[in-house]
Amino acid sequence: MKYQKEEIEKFIEALDIVEVIGEYVNLKKVGSNYKGLSPFKDERTPSFVVSPVKGIFKDFSTGIGGNAVSFYMKINDLSFIEAVEELAQKYNIPLSANKNYQMYYKKDFEVYYSIMEEALSFFKENIKKSEKAINYMDERGFSTEDIEIYEIGFSLNDKDSLFKYLIEKGYNEKDILDLNLAKTNYEGEIFDTFRNRIMFPIYNSSKRVVAFGGRIIDESISKRAPKYLNSSDTKIFTKGIELFGLKEKARIIKEKGYAILMEGYLDVLRAYKNGFFNSVASLGTAFTKQQAMLIKRYTENVVISYDNDEAGKEAVTKAGMILQENGFKIKCIVMGDNVKEKDPDEFMKAHGKEGFVRALKESKDFFDFLYVKYTKNLDLNDRLTKRSVVQQFKQYFKILPEIDKVFYAEKLAERLNIKEEVILREYDFSGTFREEENISSENREKNYNKKNKEKINKYSKIQEETIKKVENKLMGNFLYEELEKSTLKYLLKYYFDKNGKCDKLMNKKFTTSRYVKIFENLKEFDFDFKKIQIELEKEEVEKLNKVRLDELKLLKKEIISIETDVGIMIDDRDRYFREIYTSWIKRIIKNRIEELKEKKETLKEEIEKLELQGLNSEDSKYLEYKAKLGKVLEKQVKYRMLGLKCSPDKLNDEVINEMETEININEFNYIN
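Residues numbered from 1 in each chain as written. Predicted model: local features only at pLDDT ≥ 70, side-chain atom pairs only at ≥ 80, totals over all residues. Heavy atoms only, no water.

**Student:** Whenever I open this one, the pattern of salt bridges confuses me. Can you help?
**Tutor:** It is possible for side chains of opposite charge to pair when their charged atoms get near one another. Counted according to the given criterion, the structure contains 24 salt bridges. Among the ionic pairs, E346 bridges to K342, the shortest N-O distance being 2.5 Å. Residue classification places E346 among the partly exposed positions, given a relative accessible area of 28%. K342 sits in the partly exposed class, given a relative accessible area of 42%. Between E484 and R587 there is a salt bridge, with the nearest N and O atoms lying 2.8 Å from each other. Remark: R587 occurs in helix α26 (residues 573-612) and E484 occurs in helix α21 (residues 450-494); sequence separation between them is 103 residues. (Salt bridge = Lys/Arg side-chain N within 4 Å of Asp/Glu carboxyl O. Buried < 20%, exposed > 50% of the residue type's maximum accessible area, 1.4 Å probe, protein only. Helix = DSSP H or I, 4+ residues; strand = E, 2+ residues; numbered from the N terminus.)

Here's what the structure looks like:
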């Protein structure tokens with residue numbers, strides 16, 4: 001056993017269960033407990049309870065309960081040991097393994113991690129001194145500040161500079177070779193694996209450096225060298241398991257509700273520069289099932305954004321099949337044949353954040369992507385061509401759930417102008433392709449029974465509603481996050497401006513946990529970046545509280561990211577304020593109307609039940625529900641009328657005061 005039972009019990013007692021769960025659930029204090037909406041099931045009424053006194057949680061909507069560790073295991077799909085070790089590192093809580101295990105672990109792993117951290121420091125120092133490397137990154141659109149934020153480094157064009165550096169630091173030659181940081185040639189000479197390359201650190205899910213990726217900086221010098229070079233497999237790294245960019249971004253993927261899957265390091269870093277922090281890459285290798293399951297810890301929705309060439313489209317197909325087989329909902333960004341940019345990095349550099357947002361909105365369902373790919377330049381009036389297209393979809397239908405098979409068979413049949421029963425019989429509802437049967441057989445079409453036809457209509461409707469609901473949720477979350485981020489940027493810029501009206505934004509309720517935390521931290525420092533910098537420098541010198549130091553470093557990075565976000569430009573202060581403020585009001589109104597709509601439907605159902613029982617206007621319960629329904633309808637009208645007044649062009653101090661008053665009055669009436 002890695003840890004003694006007593007050690008685990010002490011560890012669980014040291015965890016703050018409210019802090020752990022609060023990263024995933026918006027908790028509100030109710031007496032001695034905390035309440036929130038279930039993270040395991042969609043609900044409107046909070047049924048999730050946390051007891052800090054007892055150190056437990058209970059989700060009454062699903063029956064799931066336990067302590068901080070079991071919650072972390074469930075929410076992130078981790079094993080017990082993985083959850084304990086991630087939490088220990090995250091909250092800086094000491095955790096001692098059994099002595100025998102610890103000796104083995106330290107020998108085979110901790111030393112390796114230490115060497116990788118030292119190598120990263122070496123690469124980071126190199127790039128600061130290399131004008132050539134800095135100029136290269138500048139040409140690619142990455143500033144010195146970006147280089148620091150994303151921990152980009154540089155490997156010197158020397159034979160063994162890294163190897164010598166690590167030996168001088170006291171590390172063992174064999175360990176350095178085991179980690180693939182250096183190699184030996186046929187004469188027994190040792191040389192560095194990475195030379196003359198921009199270096200990118202690769203972290204595992206426990207936020208430890210386990211490998212590196214390198215992009216050659218001058219192809220003319222090393223014509224035979226590969227453009228990209230990745231660490232080979234070692235005791236602490238397996239290519240097909242890790243994902244580039246997952247460090248500290250897993251929480252953001254969970255918040256946004258989807259991940260963007262890319263191919264290259266620079267694709268991901270360019271996405272970060274444009275605010276798409278839910279991006280990851282598959283380390284220049286073919287996407288694997290293990291990587292899919294790693295993403296699934298945080299979301300089941302993936303948007304694939306690979307290179308815009310034939311090889312990239314083939315890679316999309318392979319990755320999509322793996323994701324589909326493992327139960328993901330998949331969208332694919334298609335840049336189009338007329339777009340000259342070959343990858344997401346170049347596309348965002350040319351078209352900016354707005355261009356990529358458009359690409360996200362226009363992304364295709366995986367089925368639609370495959371249909372375009374399989375039918376490109378084909379004559380779909382030809383019977384044999386139609387058969388060929390159906391054959392190409394064989395693998396796709398084989399891995400689909402039953403309900404999806406029916407839905408997509410109907411779509412494919414409609415596009416190929418054949419009857420859906422023909423498609424269904426070809427795949428026999430189980431993905432088994434019937435090679436011997438003719439696709440246009442009239443006999444089989446006539447024998448298709450009515451029951452299956454009804455199934456198709458029923459399942460198609462359910463599937464369409466599900467897809468629409470998911471898409472709306474994703475875009476809604478995205479727009480809310482953009483509003484909160486824009487608000488923070490405005491407050492950072494105009495907090496000390498007397499005419500900035502920042503007080504009107506300070507009472508707004510943030511819901512994205514990432515921005516909730518930033519907002520609270522900024523209030524602590526009165527939105528003064530200099531104060532944060534002074535506190536950070538003080539902590540770096542004193543080194544008394546590592547958790548506090550890490551928090552301040554992260555806060556600094558987040559602020560820089562917000563302030564430098566090119567997708568949010570503030571050219572006109574007053575106009576920008578009006579747009580933000582009206583967006584907040586519309587957001588409040590929209591949420592209230594949605595909740596009132598649900599109340600209305602519930603009340604209507606109750607009234608119908610009473611009417612079926614023969615109760616009418618003389619019954620007190622019937623009259624009570626009718627009165628409540630009338631109030632709900634009245635409140636809906638009030639909120640809609642308020643929404644009509646909400647326009648950036650009509651907004652002035654008088655209207656703002658009126659809005660604040662009406663929202664507060666309606667808030668009181670809404671609660672009561």
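Moving on from the model shown.
**Student:** I tried to follow the sheet that holds strand β15 (residues 329-332) on my own but got confused; where do I start?
**Tutor:** Two strands in a sheet stick together by hydrogen bonds in their backbones, pointing the same way (parallel) or opposite ways (antiparallel). Spatial ordering of the open sheet is given by β13-β12-β14-β15-β16, a layout of 5 strands whose pairing is mixed. The sheet is open, and its two edges are formed by β13 (279-281) and β16 (364-365), each paired on a single side. Across 3 bridges, strand β12 (residues 259-262) lies against strand β14 (residues 301-304) in parallel orientation. Note on β14: the bridge partner recorded for L261 is I304. Its contacts with the sheet put helix α11 (residues 265-273) on β12 and β13, and the angle it makes with β13 is roughly 170°. Each of β12 and β14 is contacted by helix α14 (residues 344-361), which is oriented at about 150° to β12, the strand it contacts most. (Pairing = 2+ DSSP bridges. Contact = heavy atoms within 4.5 Å. Axes fitted to C-alpha atoms, helices over the stretch in contact; angles between N-to-C directions.)

**Student:** Just to check I follow, could you spell out the pairing of β14 for this structure?
**Tutor:** Within a regular strand, the side chains alternate between the two sheet faces. Because side chains alternate across β14, one face comprises the buried residues N301 and V303, and the other comprises V302 and I304, equally buried. Bridging between β14 and β15 involves 4 bridges; their strand directions are parallel. Residue pairing in the sheet places V303 in a bridge with K331 of β15. Between the parallel elements β14 and β15, the chain passes through helix α13 (residues 310-325) in a crossover that is right-handed. (Right-handed = clockwise from strand over helix to strand, strands pointing away.)

**Student:** Can you help me understand empty space enclosed by the protein in this one?
**Tutor:** Empty space among the atoms becomes apparent when a probe as large as a water molecule is rolled across them. Here the structure, examined in full by the defined rule, presents 3 cavities of 30 Å³ or more. Here the largest cavity defines a volume of roughly 100 Å³. Residue lining of the largest cavity: R251, S513, R514, K517, I518, N521, E551, L554, L555 and E558, and that is the complete set. Mapped by element, the contributors of at least two residues to the lining of the largest cavity are α23 (513-524) and α25 (546-563). Within this model, the second largest cavity holds a volume of roughly 70 Å³. Y306, D307, N308, D309, K313, V316, I333, V334, M335 and F369 together form the lining of the second largest cavity. A class-by-class count of the residues in the lining of the second largest cavity yields 6 nonpolar, 1 polar and 3 charged. (1 Å grid on protein atoms, 1.4 Å probe; cavity = no way out; pocket = protein on both sides within 12 Å on 5 of 7 lines; lining within 4 Å. Points joined across faces, edges and corners; volume = space filled by probe spheres on them. Nonpolar A, V, L, I, M, F, W, Y, C, P; charged D, E, K, R; others polar.)

**Student:** What is the right way to read the environment of E624 from this model?
**Tutor:** Position of E624 relative to the elements: it lies in helix α27 (residues 620-645). What makes E624 partly exposed here is its relative accessible area of 34%. Along the primary structure E624 and I607 are separated by 17 residues, whereas in three dimensions their C-alpha atoms are 9.7 Å apart.

**Student:** What is the right way to read the side chain of E242 from this model?
**Tutor:** Position of E242 relative to the elements: it lies in the loop between β11 (228-230) and α10 (250-256). In this structure, E242 is in contact with Y203, N204, S205, V210, F237, L283, Q291 and L294, ignoring residues within four places of it in sequence.

**Student:** Got a minute to help me understand the sheet that holds β11 in this structure?
**Tutor:** Across the sheet, which stays open at both edges, the 4 strands sit in the order β6-β9-β10-β11 with antiparallel pairing between neighbours. The open sheet has two free edges, formed respectively by β6 (153-155) and β11, since each of these has just one partner strand. The sheet shows a mean angle of 35° between the axes of neighbouring strands, taken without regard to direction. Pairing of strand β9 (residues 197-203) with strand β10 (residues 209-216), which is carried by 7 bridges, proceeds in the antiparallel orientation. Counted as the bridge partner of R197 is I216 from β10. Across the sheet, helix α6 (residues 131-139) lies against β6, β9 and β10, angled at about 75° from β9, the strand it touches most.

**Student:** How should the packing of aromatic side chains be read in this particular structure?
**Tutor:** Working definition: an aromatic ring pair is given by the centre-to-centre distance plus the angle between the planes. All chains considered together, the criterion is met by 36 aromatic pairs. Their ring planes at 50° and their centres at 6.3 Å tell us that Y228 and Y265 sit as a pair that is tilted. Of this pair, Y228 sits in strand β11 while Y265 sits in helix α11, and the two are 37 residues apart along the sequence. A relative accessible area of 35% means that Y228 is categorised as partly exposed. The exposure class of Y265 is buried, given its relative accessible area of 4%. Centroid distance Y490 to F577: 6.0 Å. Interplanar angle 40°. Geometry classified as tilted. Of the two residues, Y490 sits in helix α21 while F577 sits in helix α26, which places them 87 residues apart along the sequence. For the pair Y490 and F577, one class covers both residues: buried. Here a set of aromatic residues connected by ring pairs shows up, and it is made of F366, F367, F369, Y371, Y374, F393, Y396, F397, F407 and Y408. Between the NZ or CZ atom of R215 and the centre of the ring of Y228, over which it lies, the distance is 5.7 Å. The side chain of R415 reaches across the aromatic face of Y371, ending 5.1 Å from its centre. (Phe/Tyr/Trp six-rings, centres within 6.5 Å; stacked < 30°, edge-to-face > 60°. Lys NZ or Arg CZ within 6 Å of the ring centre and 35° of its normal.)

**Student:** Could you clarify how one ought to interpret the confidence of the model for the chain in this entry?
**Tutor:** Parts of the model with low pLDDT should not have their predicted coordinates read in detail. For the chain, the average pLDDT comes to 81, and 83% of its residues sit at 70 or higher. Per-residue pLDDT stays below 50 along residues 101-107; that stretch engages in 7 contacts with residues further than four places along the chain or on separate chains. Note on residues 430-456: pLDDT under 50 across the span, and 57 contacts to partners over four residues away in sequence or across chains. (pLDDT = per-residue confidence, 0-100.)

**Student:** Just checking my understanding: could you explain the pairing of β12 for this structure?
**Tutor:** Burial along β12 is two-sided: A259 and L261 and I260 and M262, pointing in opposite directions, are all buried. Pairing of β12 with β13 involves 3 bridges; the strand directions are parallel. Each residue of the ladder has a partner; that of M262, found in β13, is A281. With α11 bridging β12 and the parallel β13, this β-α-β connection has right-handed handedness.

**Student:** How should the nonpolar core be read in this particular structure?
**Tutor:** One broad rule of soluble globular proteins: the nonpolar side chains tend to lie buried together. Judged by nonpolar contacts, the single largest core of 65 residues is most densely connected at M137, I152, L181, I198, F212, F244 and F356. In terms of residue count, the dominant contributor to this core is helix α5 (residues 99-129) (9 residues). If we skip the residues at most four places from it in the chain, I152 touches K124, I127, M137, D146, I147, I198, M199, F200 and L269. (Core = buried A, V, L, I, M, F, W, Y, C linked by side-chain atoms within 4.5 Å.)

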